Amino acid sequence: IQAHLLVRLFFCETDADVRQCLAKAMADILWRAGDRKRAFVAHESRETSSRALPMDGICERLVVATLDDYDALWRHIAALLDHNARALGVLSFLFSALLTRDARQDMDDVSSRLIGRHNYCTQEMVNLLLTGRAVSNVFDNTRRLSPELLLRGIARQSRVGFLSLFEHFGCLEVGRNYKSPEFPVFVVQSESHFSVLFAKQRLEDCEDFALFHFDGLADQPSETELRVRTAQEEDTAAENVAPLEAVVRTKWRKARIDWRSERVL
């Protein structure tokens, strides 16, 4: 959600109201998952719903709205946030995405889960919220390993990108559709959790530019600036670089990266 919010703030809105941008960012995720035709928004109510939902302490309190117009969708979300932001929390929003998109149709294995070991989200969940499709891989398009086995990746250029430290270690391949997104905003999989890396302007043909990193789980009061110079290549093969640098170089290989002091957001 932070990644989609940054797209709205820096590239899509003028004189942006942050709360409105947040509502639109959440709507963008659901609208894409619903093929830009329809979305469901689930939020918690204090009263038990009459819907035939499992009694698990959450589902029975969900109220679900169906929206088939984008403007109506983001305005509905905005109204919920204004009324009671806690009603549309992480679990409610995930339920909204799952109601909007049958994730099983996208997965390589229909028995796959969205929550993996140690309660971490799986790649399918990340892909669902970034691209609207709960595919199991991050390479481009599809790969058929046998007549019976088709591996699904990212089918088209993503609105926001994804970069992973695991690619630095040779464990996976992130394709161009994720590495060269429509907007220079990336969800970063580095070490133990996800964070956001972004530029504040488009980077077409730039050889010297600033990237900003924010990690909401690291008690980070401000953004960290990285100055990236792609024209001044460094041989990093034998260096012990910081994990974030290693992630950046999965896209801009051998770039020179200078860390700047933290800046107030």
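All of the points below concern the structure found in this document. What you see is a predicted model; the values in this text were computed from it and never measured.

## Here we look at the packing of helix 4 (residues 90-100) against helix 5 (residues 123-131)
Okay, so step 1: Running from N to C, helix 4 and helix 5 cross one another at 80 degrees; their axes reach a closest spacing of 11 Å. Viewed along their axes, helix 4 and helix 5 adopt a mutual orientation that is roughly perpendicular. Where helix 4 abuts helix 5, its residues Phe93, Leu94, Ala97 and Leu98 lie against Met125, Leu128 and Leu129.
Okay, so step 2: Of the residues in the contact of helix 4 with helix 5, the class split is seven nonpolar, no polar and no charged.

## A closer look at helix 5
Okay, so step 1: The element helix 5 is extensively covered by neighbouring structure, given that eight of its nine residues are classed as buried.
Okay, so step 2: Among all positions of helix 5, only Gln123, Glu124, Met125, Val126, Asn127, Leu128, Leu130 and Thr131 are buried.
Okay, so step 3: Taken from the residues just after helix 5, glycine 132 is the one with a positive phi, measuring 90 degrees.

## Digging into the side chain of serine 136
Okay, so step 1: Tracing the sequence through the fold places serine 136 in the loop between helix 5 and strand 3 (142-146).
Okay, so step 2: In this structure serine 136 comes out as buried when scored by relative accessible area, which is 16%.
Okay, so step 3: A polar side-chain atom of serine 136 sits 3.1 Å from the main-chain amide nitrogen of aspartate 108.
Okay, so step 4: Among the polar contacts listed, one links the side chain of serine 136 to the side chain of glutamate 124, at a separation of 2.8 Å.
Okay, so step 5: Excluding residues within four positions of it along the chain, serine 136 makes contact with Met107, Asp108, Gln123, Glu124, Asn127 and Arg152.

Thresholds, definitions, all that
- For every chain, the first residue of the written sequence is number 1, and numbering continues from 1 along that sequence.
- Where local features are concerned, this predicted model is filtered to residues with pLDDT of at least 70; where side-chain atom pairs are given and counted, the filter is 80 or more; whole-chain, interface and lining totals use all residues.
- Heavy atoms from the whole structure form the basis of all side-chain values; hydrogens and water molecules are not counted.
- Axis angles are defined between N-to-C directions and span 0 to 180 degrees, where every axis is a line fitted to C-alpha atoms and, for a helix, only to the segment in contact.
- Strands here mean DSSP runs of E at least two residues long; helices mean DSSP runs of H or I at least four residues long; both are numbered from the N terminus.
- If an angle is under 35 degrees, it is roughly parallel; if it is over 145, roughly antiparallel; if it lies from 65 to 115, roughly perpendicular; otherwise it is oblique.
- Throughout, a contact is declared for two residues whenever any of their heavy atoms are within 4.5 Å.
- Residue classes follow a fixed rule: Ala, Val, Leu, Ile, Met, Phe, Trp, Tyr, Cys and Pro count as nonpolar, while Asp, Glu, Lys and Arg count as charged, and any other residue, Gly among them, counts as polar.
- Relative accessible area decides the class of each residue, using a 1.4 Å probe on protein chains only: under 20% of the type maximum gives buried, over 50% gives exposed, and in between gives partly exposed.
- Under the rule applied, a polar contact is a pair of N or O atoms within 3.5 Å (in protein, one hydrogen donor and one hydrogen acceptor; residues adjacent in sequence only if both atoms are side-chain atoms).

The quantities given are spatial measurements derived from coordinates; they are silent on function.
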